[in-house]
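Below, each chain spelled out in residue letters.
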Amino acid sequence: MTINLSRQDAKEYGLYVKSMTDAWEALKGEGRISESKVIDGLFTSRGYSSDRVGLRRILGEVDLGYVLPQIKIRPEWKDLGLLDNNGRLLLAGRYVVPIRDFMGGIIALVGWWDDTRKYITCGSEKWFSKSNCMFGMEQAKDGWQDGGLYICEGIFDTLAMRGCGLRAVGCMGIDMTPVKRAMVDVLSGGSRILAIPDQDRAGNKVVWSDQWGIEGYGGYLRWDRNIFGKDIDDLVNNLGEEMSRNMLRGALAERRTVVRLMVS
C-alpha cells in the first residue's frame, strides 16, 4: 500500500495532527479528573469486572479521558470536526479514546456515552475517514510480532483483546473496505489472522460471505451469544482475561475457516 502526499499536504497533515493533539490535551486537561478515576468511571458505566487489570493498563496506554459537559469551547475546534453545526462540543459528557495513525499521531477522537447513545467519532473530513482507518494502527510502529493479529468490530472490543495481551485492531464498524483490508495485511506482518465480528445477524453475514477477506489467511471465531455475550468484550468480561487469552490463542492456531467456541 502506497500513500502519496505532496509536500504541502504533508505539512498540513502534520499541523492537523498537532492541532488534534493539543485539542485532546485541552479537553481532558480542563476536566481535571485523574486517570484512575476516569477508568473507574468507565468500568462502572460498562459493567466491567474489577479484575480486568490488563484492560486497566491498556486504557492508560491509549490515553482514555473524560470530557466534562461544562468545558469551555474553543472556536478552532470547529475545523477539527469537534463541534456540531450549532457550535456545541460533540464529545461533552463522554469517555473518549484517541484514534491514531501508524506513527501514533492523533487523527480523530471517539467518544462513548452509554448503551443507548453509543459512539460518536470526530475528526477532519479531509484527514480522517472510518472507511480508510483501523483502530489500533499505531501498533505497527512497534514492529511485527509472531503472535498473530485479531480483528474486531468496535473500540472496546479491540481494547478488551489488547487487555488480554493480544495484538488486535478494530474495524470501527462492520464494513471492511479495500483500504482497510490492505492495512490488515500491513498490520498482520504475514502472520495468521483471527476475525471476530459481533455475534449477530450482520456478523454472521460477514462470516458466511467472508466479507472481511479472511479465508486463506486465518479464520473467524463464533460462539453462543446466550452464554458468552454479543461481542468479544462481553466474552472477556464473562471468562476473565487469562482464560480468554488462552482460548483466543488456541482459536488463532486452528486451521479452520470458522472456529467455534464450545462449552465442555
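Residues numbered from 1 in each chain as written. Predicted model: local features only at pLDDT ≥ 70, side-chain atom pairs only at ≥ 80, totals over all residues. Heavy atoms only, no water.

Trainee: Which residues make up the overall build of the protein chain, and what are the values?
Mentor: For the protein chain, the helix and strand inventory stands at nine helices and nine strands. Its C-alpha radius of gyration of 18 Å places the protein chain within 12% of the 18 Å reference for a compact globule of 264 residues. Considering only intrachain contacts with a sequence separation of at least 6, the fraction spanning at least 24 residues in the protein chain is 66%. One way to put it: in the protein chain the 36 positive side-chain charges average out to a point 1 Å from where the 35 negative ones average out. (Helix = DSSP H or I, 4+ residues; strand = E, 2+ residues; numbered from the N terminus. Rg over C-alpha atoms; globule rule 2.2 N^0.38 Å. Contact = heavy atoms within 4.5 Å. Lys, Arg positive; Asp, Glu negative; His and termini not counted. Charge placed at Lys NZ, Arg CZ, Asp CG, Glu CD.)

Trainee: Describe the packing of helix α8 (residues 232-239) against helix α9 (residues 241-253), and please don't skip the residues or the numbers.
Mentor: At a closest axis distance of 6 Å, the pairing of α8 and α9 adopts a crossing angle of 125°. When the interaxial angle is binned, α8 and α9 end up oblique. Crossing handedness for the pair α8 and α9: right-handed. Of the residues in α9, those touching α8 at Ile232, Leu235, Val236 and Leu239 are Glu241, Met243, Ser244, Met247 and Leu248. Across the contact of α8 with α9, the residue classes break down as seven nonpolar, one polar and one charged. (Axes fitted to C-alpha atoms, helices over the stretch in contact; angles between N-to-C directions. Parallel < 35°, antiparallel > 145°, perpendicular 65-115°, else oblique. Left-handed = near helix turned anticlockwise from the far one by under 90°. Nonpolar A, V, L, I, M, F, W, Y, C, P; charged D, E, K, R; others polar.)

Trainee: Give me unusual backbone geometry: which residues, what numbers.
Mentor: The phi dihedral of methionine 172 is positive, around 55°, even though this residue is not glycine. Tracing the backbone shows methionine 172 in the loop between β6 (168-170) and α5 (178-188). The class for methionine 172 is buried, based on a relative accessible area of 11%. The backbone of aspartate 210 shows a phi angle near 50°, a positive value even though the residue is not glycine. Positionally, aspartate 210 belongs in the loop between α6 (201-209) and β8 (218-222). (Buried < 20%, exposed > 50% of the residue type's maximum accessible area, 1.4 Å probe, protein only.)

Trainee: Please provide a residue-by-residue account of helix α4 (residues 155-163), values included.
Mentor: The buried fraction of α4 amounts to nine of the nine residues, a majority that puts the element mostly inside the structure. Listing the buried residues of α4 in full gives Ile155, Phe156, Asp157, Thr158, Leu159, Ala160, Met161, Arg162 and Gly163. Glycine 165 occupies a position one or two residues after α4 and carries a positive phi of about 85°.

Trainee: How would you summarise the packing of aromatic side chains if you had to cite specific residues and measurements?
Mentor: Within the structure shown, the criterion is met by six aromatic pairs. Consider the rings of tryptophan 112 and phenylalanine 156, whose centres lie 6.1 Å apart with planes at 80°: the pair is edge-to-face. Here phenylalanine 156 lies in helix α4 and tryptophan 112 lies in strand β3 (residues 106-112), a separation of 44 residues in the sequence. Phenylalanine 156 matches tryptophan 112 in its accessibility class, with the two residues each being buried. Plain terms: the ring middles of tyrosine 119 and phenylalanine 156 are 6.1 Å apart, the flat faces sit at 25° to each other, and that makes the pair stacked. Separated by 37 residues along the polypeptide, tyrosine 119 in strand β4 (residues 119-122) and phenylalanine 156 in helix α4 bring together distant segments of the chain. Here tyrosine 119 falls in the partly exposed class, since its relative accessible area comes to 38%. The exposure class assigned to phenylalanine 156 is buried, which follows from its relative accessible area of 3%. A connected cluster of aromatic rings, assembled from ring pairs, spans Tyr66, Tyr95, Trp112, Tyr119 and Phe156. Here the basic side chain of arginine 46 rests over the ring of tryptophan 112, its NZ or CZ set 4.9 Å away from the ring centre. Stacked on the ring of tyrosine 217, the Lys or Arg arginine 181 has its end atom at 4.9 Å from the ring centre. (Phe/Tyr/Trp six-rings, centres within 6.5 Å; stacked < 30°, edge-to-face > 60°. Lys NZ or Arg CZ within 6 Å of the ring centre and 35° of its normal.)

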